[in-house]
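Chain and residue survey
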Amino acid sequence: MTSKIENLINELPQASNKRVEEIVAILEGVLSDIECKLPTEDDTDSAYECQNIPKAKNVIALIRAWNARDKKKEVGESEFKIINKLSKELKISFTQI
């Protein structure tokens, strides 16, 4: 994982709603640029990478849903726990890709 991607993911928990949208759009673009070719029999790394792309896309969808909620009404420690957990999951997925 490049440091730019890692920095974007690290920014998510404290980012504004608009910035979260910008970040997830960038990350989706990165995922769409990755070519997922069917692996040959002896290429399990490619299979593993391809398997993690949908996982990363799913976490991005969860982050978008979290971002769309009215956090003014739900401000609290649990909101930060949610986005921190999602950010960690996304970082793991990108590391595995």
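Described below are features of the structure shown in this document. (Residues numbered from 1 in each chain as written. Predicted model: local features only at pLDDT ≥ 70, side-chain atom pairs only at ≥ 80, totals over all residues. Heavy atoms only, no water.)

**Description of the overall build of the chain**
- A tally of regular secondary structure across the chain gives four helices and zero strands.
- Secondary structure elements of the chain occur, N-terminal to C-terminal, as α-α-α-α.
- When each of the 97 residues of the chain is scored for burial, the buried share is 29%.
- Residue pairs at least 24 apart in sequence account for 69% of intrachain contacts in the chain once pairs closer than 6 positions are excluded.
- Split by element, the accessible area of the chain, about 6400 Å² in all, is 54% carbon and sulfur. (Helix = DSSP H or I, 4+ residues; strand = E, 2+ residues; numbered from the N terminus. Buried < 20%, exposed > 50% of the residue type's maximum accessible area, 1.4 Å probe, protein only. Contact = heavy atoms within 4.5 Å. Areas by Shrake-Rupley, 256 points an atom, 1.4 Å probe, with all protein chains shown as cover.)

**Here we look at the nonpolar core**
- Core analysis: the biggest nonpolar cluster contains 20 residues, and Leu 27, Ile 63, Leu 90 and Phe 94 have the highest contact counts within it.
- Tallying contributions element by element places helix H3 (residues 44–68) first for this core, with six residues.
- Look past the residues within four positions of Leu 27 in its chain and what remains in contact with it is Ile 5, Ile 9, Ile 60, Leu 90 and Phe 94. (Core = buried A, V, L, I, M, F, W, Y, C linked by side-chain atoms within 4.5 Å.)

**Here's the deal with the pattern of salt bridges**
- Within the structure shown, the criterion is met by five salt bridges.
- In this structure, Glu 21 and Arg 64 form a salt bridge, with 2.9 Å as the shortest nitrogen-oxygen distance. Linking Glu 21 in helix H2 (residues 17–33) with Arg 64 in helix H3, this pair joins segments that are 43 residues apart in sequence.
- Judged by its relative accessible area of 26%, Arg 64 falls in the partly exposed class.
- Between Arg 64 and Glu 28 there is a salt bridge, with the nearest N and O atoms lying 2.7 Å from each other. You can see Arg 64 sitting in helix H3 and its partner Glu 28 sitting in helix H2, a full 36 residues away along the chain.
- Residues joined by salt bridges that share partners form a network here, namely Glu 11, Arg 19 and Glu 22. (Salt bridge = Lys/Arg side-chain N within 4 Å of Asp/Glu carboxyl O.)

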